[in-house]
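Summary of the model geometry
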Amino acid sequence: MPNDSQIDPGRRSFAVREAENLRARGARVWCVPFARNLSGVNIHGNARTWWSQAQDQFDVGQRPSVGAVMAFRATPGMPLGHVAVVSEVTSDRMLRIDHANWHRNKVSLGMAVIDVSENNDWSRVRLESNPGSFGSVYPINGFIRPNL
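Here's what I pulled together on the structure shown here. Quick caveat: nothing in here was measured; it's all calculated off a predicted structure.

Let's shift gears to the pairing of strand β5 (residues 107-115). By the bridge criterion, six bridges tie strand β4 (residues 94-100) to β5 in an arrangement that is antiparallel. Following the sheet pairing, A100 is matched in β5 by V107. Connecting β4 to the next strand, β5, in antiparallel fashion are six residues, including N101 with a positive phi near 70°. With three bridges connecting them, β5 and strand β6 (residues 124-130) associate as antiparallel partners. Looking across to β6, one finds that V113 is bridged to L127.

As structure tokens, this is what we get:
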């Protein structure tokens, strides 16, 4: 990463281009390969497994940082979990993420996320799925930082 305040533009271009290539071939755009391409966190498997896989391989924690992967817990409505990459930390309780397949087969860049956890520990969040509209509450395992 060029610095800790922005996503590497080359990585972002690569991740978006790879997603566009998949869509052009009629293939599905998933969150896992997009997050891997954007962050450099080289984990494979369903998003729900990333947190446990990361424990001995990467720096993990509860504080967001630009370039870190936000690992969503699996839920009944999201049984495979979800992963997204922090693109900007705007305050102690708000950040922006880049991710894929939140909206089916699409890439979302700069989507706002708010921490709604009681202890300000980023364990529960809401995403701005549509401008000005924050949706359901989702549980978060934490953040996986790439090995630089």
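A few words on the pattern of salt bridges. Summed over the entire model, instances satisfying the criterion amount to four salt bridges. For D98, the salt bridge goes to R12, with nearest N and O atoms at 2.5 Å. Separated by 86 residues along the polypeptide, D98 in strand β4 and R12 in helix α1 (residues 9-24) bring together distant segments of the chain. Here D59 and R145 are joined by a salt bridge, their closest N and O atoms 3.0 Å apart.

Take the packing of aromatic side chains next. Scanning the entire structure with this criterion turns up four aromatic pairs. Plain terms: the ring middles of F72 and W102 are 5.8 Å apart, the flat faces sit at 40° to each other, and that makes the pair tilted. Here F72 is found in strand β2 (residues 69-72), whereas its partner W102 is found in the loop between β4 and β5, with 30 residues between them in sequence. In this pair, the class of F72 matches that of W102, namely buried. An angle of 80° between the planes, with centres 6.2 Å apart, marks the rings of W122 and F143 as edge-to-face. Of this pair, W122 sits in the loop between β5 and β6 while F143 sits in strand β7 (residues 133-145), placing them 21 residues apart in sequence. With relative accessibility at 0%, the residue F143 sits in the buried group. Clustering of aromatic rings is evident, with ring pairs tying together F72, W102 and Y138. In this arrangement the basic side chain of R28 is found over the ring face of W30, its NZ or CZ atom lying 4.2 Å from the centre.

Thresholds, definitions, all that
Residues numbered from 1 in each chain as written. Predicted model: local features only at pLDDT ≥ 70, side-chain atom pairs only at ≥ 80, totals over all residues. Heavy atoms only, no water. Pairing = 2+ DSSP bridges. Helix = DSSP H or I, 4+ residues; strand = E, 2+ residues; numbered from the N terminus. Salt bridge = Lys/Arg side-chain N within 4 Å of Asp/Glu carboxyl O. Phe/Tyr/Trp six-rings, centres within 6.5 Å; stacked < 30°, edge-to-face > 60°. Buried < 20%, exposed > 50% of the residue type's maximum accessible area, 1.4 Å probe, protein only. Lys NZ or Arg CZ within 6 Å of the ring centre and 35° of its normal.

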